[in-house]
Each structure stands twice: as structure tokens, then as C-alpha cells.
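Spelled out from the first residue to the last, the chains are:
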Amino acid sequence: MKYSEKALNTGARREFRIFLYLVLLALAVTLTVEAFNHKAFTDGPAALLRYMTRSPMAFLTNAAILLAVLAPAMFLRRRLFWCGVVSIIWLAGGAVNGFILINRMTPFTVADLTVFNTGLDTLPNYLSKPYLILLGAGVVLAAVSLGLLFWKGPRNRRSGRQRLLAGLAAVLVSGGALAGSWALAFQLDQLSMVFSNLAFAYEDYGFSYCFFQTWLNRGIRRPAGYDAGEVARIRELIAKDAQEAEPQEDVNVVIVQLESFIDPKEIQGLVMSKDPVPNWTALKENYSSGYLTMPVVGAGTANSECEVLTGMSTRLFGPGEYPYQTCLMDGTVESVAYDLKEHGYTTHAIHNHQAAFYSRNEVYANLGFDDFTALEYMPKVSVTMKNWAKDRILTSQIEKALNATADEPDLVFTVTVQSHGKYPREQALENPAVRVLTCPDAEYRYALEYYVDQVRQVDQFIGKLTEMLSRRQERTILVLYGDHLPALGLQGKDMASGSLYKTEYVIWDNFGLKREDNNLYAYQLSAAALGRIGITNGVMNEFQQFCREEPSYRRDLKLLQYDVLYGKNYLYGGKTPYQPTELRMGMEPITITGLWEKDGAWYVGGENFSPYCQVVRDGDRLETEYLSPYLLRLTEDPETTEAGELEIQVVDKHNKVLSETGTE
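Trainee: Explain the overall build of the protein here, please?
Mentor: Along the backbone of the protein there are 22 helices and 19 strands. The C-alpha radius of gyration of the protein comes to 28 Å, within 12% of the 26 Å expected for a compact globule of 664 residues. On the principal axes, the C-alpha backbone points of the protein span a range of 100 × 75 × 60 Å. By residue count, 55% of the 664 residues in the protein fall in the buried class. Here the contacts in the protein between residues at least 6 apart in sequence split such that 73% fall between residues at least 24 apart. A total of about 29,600 Å² of accessible surface is found on the protein, and carbon and sulfur atoms cover 55% of it. Charge centroids of the protein, computed over 63 positive and 76 negative side chains, lie 14 Å from each other.

Trainee: What should I look at first to understand the packing of helix H5 (residues 79-103) against helix H12 (residues 207-216) in this one?
Mentor: When two helices pack together, their arrangement is given by the angle between their axes and by how far apart the axes lie. Running from N to C, H5 and H12 point in directions that differ by 85°, and their axes come no closer than 11 Å. Relative to H12, H5 is oriented roughly perpendicular. Of the residues in H12, those in contact with Trp90, Gly93, Gly94 and Asn97 of H5 are Phe207, Ser208 and Phe212.

Trainee: Can you walk me through the pairing of strand E6 (residues 410-415) in this structure?
Mentor: Regular strands place side chains that alternate from one sheet face to the opposite one. Within E6, six of the six residues are buried, which leaves it mostly tucked inside the rest of the structure. Residue alternation in E6 divides its side chains into two sets, Asp410, Val412 and Thr414 and Leu411, Phe413 and Val415, and both sets are buried. Where strand E1 (residues 252-258) lies against E6, five bridges are found, and the strand directions are parallel. Each bridged residue has a counterpart across the sheet, and for Val254 the counterpart in E6 is Val412.

Trainee: Teacher, can you tell me more about the pattern of salt bridges here?
Mentor: Where charged atoms from two side chains of opposite charge come close, those side chains can pair. Here the structure, examined in full by the defined rule, presents 24 salt bridges. One salt bridge connects Asp453 with Arg456, and the closest N-O pair in it is separated by 3.0 Å. Of this pair, Asp453 and Arg456 both sit in helix H19 (residues 445-471), three residues apart, which is roughly one turn of that helix. Note on accessibility: Asp453 and Arg456 belong to one class, buried. Linked by salt bridges that have partners in common, Asp263, Lys265, Asp275, Lys284 and Glu504 make up one network.

Trainee: Would you mind showing me how to read the state of the cysteines here?
Mentor: Structurally, a disulfide amounts to a covalent bond that connects the sulfur atoms of two cysteines. Enumeration according to the criterion identifies zero disulfides in this entry. In this structure Cys327 is a free cysteine whose sulfur lies 7.2 Å from that of Cys306, the closest cysteine sulfur available.

Trainee: Quick question: what am I supposed to make of the packing of aromatic side chains here?
Mentor: For any pair of aromatic rings, the description rests on two quantities: the centre-to-centre distance and the angle between the ring planes. Overall, the coordinates contain 27 aromatic pairs when judged by the stated rule. A centroid spacing of 4.8 Å and a plane angle of 85° characterise the contact between Tyr364 and Phe372, whose relative ring orientation is edge-to-face. Both residues of the pair, Tyr364 and Phe372, count as buried. Here a set of aromatic residues connected by ring pairs shows up, and it is made of Tyr226, Phe317, Tyr562, Tyr566 and Tyr570. Above the ring of Phe511, the side-chain terminus of Arg475 is found at 4.5 Å from the ring centroid. In this structure, Arg554 packs its charged tip against the face of Tyr521, placed 4.5 Å from the ring centre.

Trainee: Sorry, what's going on with the sheet that holds strand E13 (residues 601-607) here?
Mentor: Strands pair in a sheet through their backbones, by hydrogen bonds, and they do so in one of two ways: parallel or antiparallel. Sheet architecture is open: four strands sit in the order E12-E13-E17-E16, paired in antiparallel fashion. Bordering the open sheet on either side are strand E12 (591-598) and strand E16 (624-628), each of which pairs with just one other strand. This sheet shows a mean twist of 25° between the axes of neighbouring strands, independent of strand direction. As judged from the seven bridges shared by E12 and E13, these two strands associate in the antiparallel manner. Following the sheet pairing, Gly594 is matched in E13 by Gly605.

Trainee: Teacher, can you tell me more about the sheet that holds strand E8 (residues 476-482) here?
Mentor: Across the sheet, which stays open at both edges, the nine strands sit in the order E10-E3-E9-E8-E1-E6-E4-E5-E11 with mixed pairing between neighbours. Two strands in the sheet have a free side with no partner beyond their single neighbour: strand E10 (520-521) and strand E11 (584-585). Relative to strand E9 (residues 502-509), strand E3 (residues 288-293) runs antiparallel, the two sharing six bridges. Bridging from a neighbouring strand, Ser288 pairs with Ile507 of E9. Contacting E1, strand E4 (346-351), strand E5 (371-373) and E6, helix H18 (residues 393-404) crosses the sheet at an angle of about 160° to E6.

Trainee: Is there a simple way to think about the environment of Arg425 in this case?
Mentor: Along the polypeptide, Arg425 turns up in the loop between E6 and strand E7 (436-438). Measuring from C-alpha to C-alpha, the distance between Arg425 and Ile89 comes to 30 Å, with 336 residues separating the pair along the chain. Discounting chain neighbours no more than four positions away, the residues touching Arg425 are Ile102, Glu443, Tyr444, Tyr446 and Ala447. At 2.7 Å, the side chain of Arg425 forms a polar contact with the side chain of Tyr444.

Trainee: For this particular structure, what's the right way to read a nonpolar patch on the surface?
Mentor: Taken together, the side chains of Tyr21, Leu24, Leu27 and Leu60 define a hydrophobic patch exposed on the protein surface, amounting to about 380 Å² of accessible area. With three residues, helix H1 (residues 2-37) is the largest single contributor of residues to the nonpolar patch. Looking at the secondary structure, you find Leu24 in helix H1.

Trainee: Teacher, can you tell me more about a negative patch on the surface here?
Mentor: Together, Glu597, Asp599, Asp620, Glu623, Glu636, Asp637 and Glu639 line one region of the surface with negative charge. Relative to the helices and strands, Glu597 is located in strand E12.

Trainee: Looking at this model, I keep getting lost on the packing of helix H13 (residues 228-241) against helix H22 (residues 553-565). Mind explaining?
Mentor: For the pair H13 and H22, interaxial distance at closest approach is 10 Å and the crossing angle is 120°. Considering their axes alone, H13 and H22 lie oblique with respect to each other. When the axes of H13 and H22 are compared, the crossing they make is left-handed. Listed contacts from H22 to Glu230, Val231, Arg233, Ile234 and Leu237 of H13 are Arg555, Asp556, Leu559, Leu560 and Asp563.

Trainee: What is the right way to read the side chain of Lys284 from this model?
Mentor: Secondary-structure assignment places Lys284 in helix H14 (residues 278-286). Owing to a relative accessible area of 17%, Lys284 belongs among the buried residues under this scheme. With near-sequence residues (within four places) excluded, Lys284 lies in contact with Asp263, Glu266, Ser289, Glu504, Val506 and Arg515.

Trainee: Where do I start with H13 in this structure?
Mentor: For an α-helix the count is 3.6 residues per turn, leaving residues at separations of three or four pointing the same way. Its 14 residues place the ends of H13 20 Å apart at the C-alpha level, agreeing with the 20 Å of an ideal helix rising 1.5 Å per residue. Turning to H13, its buried residues are Glu230, Val231, Ile234, Leu237, Ile238 and Asp241. Projected down its long axis, H13 carries its buried residues within an arc of 115°, all on one side. Exposed residues pointing more than 90 degrees away from the buried face of H13 are listed as Glu236, Ala239 and Lys240. Buried residues along H13 sit against helix H21 (539-546) and H22. In this structure Asp227 caps H13, since a side-chain oxygen of it lies 3.1 Å from the backbone nitrogen of Gly229.

Definitions and limits used
- Residues numbered from 1 in each chain as written.
- Predicted model: local features only at pLDDT ≥ 70, side-chain atom pairs only at ≥ 80, totals over all residues.
- Heavy atoms only, no water.
- Helix = DSSP H or I, 4+ residues; strand = E, 2+ residues; numbered from the N terminus.
- Rg over C-alpha atoms; globule rule 2.2 N^0.38 Å.
- Buried < 20%, exposed > 50% of the residue type's maximum accessible area, 1.4 Å probe, protein only.
- Contact = heavy atoms within 4.5 Å.
- Areas by Shrake-Rupley, 256 points an atom, 1.4 Å probe, with all protein chains shown as cover.
- Lys, Arg positive; Asp, Glu negative; His and termini not counted.
- Charge placed at Lys NZ, Arg CZ, Asp CG, Glu CD.
- Axes fitted to C-alpha atoms, helices over the stretch in contact; angles between N-to-C directions.
- Parallel < 35°, antiparallel > 145°, perpendicular 65-115°, else oblique.
- Pairing = 2+ DSSP bridges.
- Salt bridge = Lys/Arg side-chain N within 4 Å of Asp/Glu carboxyl O.
- Disulfide = S-S within 2.5 Å.
- Phe/Tyr/Trp six-rings, centres within 6.5 Å; stacked < 30°, edge-to-face > 60°.
- Lys NZ or Arg CZ within 6 Å of the ring centre and 35° of its normal.
- Polar contact = N/O pair within 3.5 Å; in protein donor to acceptor, adjacent residues only side chain to side chain.
- Patch = residues over 30% accessible without salt bridge, like charges linked within 9 Å, V, L, I, M, F, W, Y side chains within 5 Å.
- Left-handed = near helix turned anticlockwise from the far one by under 90°.
- Expected span 1.5 Å × (residues − 1).
- Arc of directions from axis to C-beta.

Remember, this is a structural readout, not a statement about activity or role.
Structural data, given as C-alpha cells:
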């Protein structure tokens, strides 16, 4: 009996000691992750030390989160393997977050996992080949190490009952530690559920806590007092404030979202050899313009786009959430496209980047677009040295959209990509057209010089675009705006606006609209533009046009968004009036007109080919080489001489078929 008690006590002490090792491991891994989160490895330990001293309970809560995930190891025979898997996953997440923070101003969130595949495609834009090789070697090494640990690592020999008791005790203790530290951190105001600024929240509250919040805290919370009566009150408020207007239904509406675009002259302390954006400067001086408050900074293009198209505030959703990846994947909502379709408009979307990025090839159907022309449907494009498509291709694409429907007005919504980061901090341009003479941070001098050169070229695209629209015999309104500030290490004090969340917009026209300068939020921009031409239909459009000065504006905006996305749709009598469109990929059909053999090679003739076109026969994809929009070459025998037996698939980088077409 004494021997059994002694063995039991020895076993308990051993289990207790192992649990203490888990506590130490949780603290060590959390400290490393926070070093990544506060950029201690690149910018020094000051920010990390400030976090540790100002918010110790926040740090302990992050460690307790990790401990709660490590605690199940006490149930298992392969305890070391479990600890290795959890630690590697946590350290990898922290390292990814640190890498992202170096290259953009928005931290790593669960929403980023939804664009994982397309995100991998952009890695070569940020990392050189040697670093990519090192990264791949690290992933392989981690996988091999975990494999060896699983098969050859130590195993706990204790009985199932003993492991069960130890596991239950560990889970209870770690759960209690998490609950206690969580409650105390909130009581001391070291944690919060409200993330007014996602980047600052990660700095203040820690990576693990914030990352889990971006997973758990999604959608829009039910507003207090939400019911049919409140929605009816808002409808009455809109009707009271609405103003009669004669819609101008013969005006083309072109909206261009400019990637990371700002006027470099807005950066305080930046002195350049000349103005890099003369076209933008002239537009601001002669047409309606102002500051535009965006929901994101440094990244998050899809949320800026969502606000402009829908009139909804994405900040009312969960922290870091992309509605494009959640509620708008399987549900429609009022948008500028749907509003204009009621006036007979044809609606086009254009983006010189991958169609599947942020699921645009699926979401645009729920936003009312008739067709979507992505990079995969354009002729071969020129690219920057960071491998982003140059924007000059977009002038011809916008013109093609306007020409596609000669007898109908058009909405053309375009998203650019050229001025996307990363911006190299080493010298990339030997003789830049615009030289940076002085800048706020010498470390970013070459990055700024590269960025300035990119926006200089984007400004040339803006000039060509306005020239093309001016030549056309169609009345047109053009809305231009930057989607967010670039990731250049800027602070609010560096900007003339005093904020990292303010870009600028311009509303140009070719038929003499009166100039009206206003500072707006992104979700107010489309309504402001449509109001200029008397388009006042659509509840959200009317609300943004006529109710911005109402005392209940913010509360009512949240209530409307909740009702149509998560509530009972009182606004539309219980059922949305918006049905998904039959979204067509590309503005014009891809057709095959001929097949012939010459000098041992086979050629396919047709129209609207792109470098992403693949010839298919009987379901088998043939090796295809793009030559021009009218000609493809096959590097294998099609085993037929009949063009009618061939089809074309447009296939993206991930081997996903975006569309499929037959012969003419």
C-alpha cells in the first residue's frame, strides 16, 4: 500500500513538472510570437518592451491561450509531438504576421487564410529566389522533424486512466488560468473587444488574442432595438429627407479604384525633383474632390472596394473580416450596379489581376455585374519589376466596355494594381524620372522613389483615360480614388490630412457639372457621384445621399446593414429584391474560327484569346502557347483537322477553369 502511494505521488509530481514545462513553453513561444508582432527583429525591442510593461495581463492572456492549446498533450502518449506541432504552428503564424507587417500595415488575420492560394502567388513579388528557397527548405525541415518526432519520439508509458486524470487536471488549470487572466485584463483595460484600428489592436492586445478575435468575432452584431418598427422609421426618415431629381440616364459612370494611390505631395517632408502626378493635380484643381476616409491602411483592397460598391461600412463587421469572403459569397445586397441596372445600365467590372483573388469571380454576380474582365481575359500585359500588371492596359479595356453596348449607358468599375507593394528599400531605379530629394524617413528613401515612379506611371494612365473619355461622343462621369495608403512606414503625422486612413478622390465629367468639394467616407462616395446625375433609387443609395446629417446616421447605418445581411429583411418585406446575375467572364466571347497545320506545328485561329487560354479536345487539355489575341499554337497534335471539335478553357494559375467556350 505504501509503495502504491509512493508511486502515485511520484507520478503526480512528474505530471506536475511536465505541466510546468508546458507553462514555460507557452511563455517562450508567446514571447517569440510577440517579438515578431512588434517587429523586434527588424526595428529593435523597444515596442516589445513597451507592450510587456504596459500590458502584462494582455501578454499573460496570450500565453494562457497557447497553454490551453498545449494542455491536451497531457492526455496523449506522444506529448512531445503534440507540443512540437502546436509550437511550430504558433511560431509560423507569428513569423507570417511579422513578415506581413514589414510589407503592409495590416496584420495577419483569419481572413487572409481565405486567399491563401492567391496570396502564395504574390510571394515572388516580396521575396527574392534565395529567400524563397530558404523558406521552402524551412517548411520541408519542419515537416521532416515532425515526422521523425511522431515515429521516433518519446512516448508516455502511463496508463490510460492516469493520462486521463492528468489531462483533465491540465485542461482545468489552463482553462482557469485563461479565464482569470482574460477577466483581469479586461478589468484593467488591457484587452478590448472593440478594434477601431486593427494594427494598433495587435500591438496593444497581442497576436494570439487578436487572431482568434478575427476568427470568432464575425458578422454584424444585432443592434439594440432592432425590429420592424425601427426599419420602418428609417424608411420614413429617408422619405422625409429625399429630394426630387430628374435622373440623367444617358451618362456613363466609370469608377476607378487606384491601388495604394496617393498624391506623394501629401507626404509631409517629402521633397521631389518635380510633381510626379500632374494629371491628378490638374483634376483636383478643376473638378470635385476631397479626402476619402478608408476602412483600411496598407492593405485590404477588397474592403475599400466593398464600401464604395455597396454603401456599407466594413468596420461594422468583425475585425479583419472581408465580406467578400463571408456574407457576400452566398447572398446579394444593394450596390451601385443594381441601382444603375434599374435605369437600363449594363454593368462591367475590370481588374488587371487574378479573377479569383478575394473571390471576385463569384462575388461580382451577387453585386449585380453583367461581366468581369480579369487579367486572365486580357492580352499579354507589361509588368513592373515587382511583377504587378501595369495599369496602361486598362484604358483600352475600359473603352472596350463602353463600346460593347452602343445603345445603353454603362457602369464600368475598374480596380488597378500597378502601384501595389512591396516597395524595395534598396536602390531599384538608376535614373528615376522623379528623384526623391528628402523624405520623412531615410530608411524608406529608395522605397519612396520606387513608389513615386509607379504612381507617376499610374498618373499617365489617368491622363490617357481622361483623354479617351473626352474624345468620345458620350456623356461620362469618372470617379477616381485611392483604396488605401501605401505600406511605406508612414505615420499620421507624416500626412497632410493628419490620418493614415485618408486618401483622395476626384469626380471628373465631360458635360459641365458644378464643382462640389466634400470630404467623404468610402461608403458615401458612389451615392455622392450618382446624386450628381440624379440617380436616387435604392434604399442605401438614398440613405447615403440624404441622411448623412441625421443625428441617428451611424446607428441607422448599422441597423440597415444588419437587417439586409443577417436580420429578417424588414427593409424589403422579408425577401431581398436582388437576384444574382449570370456573370460572364470577359466582355466578348472567346471563339475559334480555324485550325491548320504549318511546318509541323498546329495553329488555332480565333478571337479574344489570352495567355490563359488552353485548347481542349474531348475533355483533354492540349499544350497551348499564346501568340496573340487571334492566334494560339499547339505543341502537340490535336488528332483532328476540324476546328469544331475544339473548345477553349480559360485556366488560372491554380489550374481552376474560370470559363469554357465552344466554337463560333
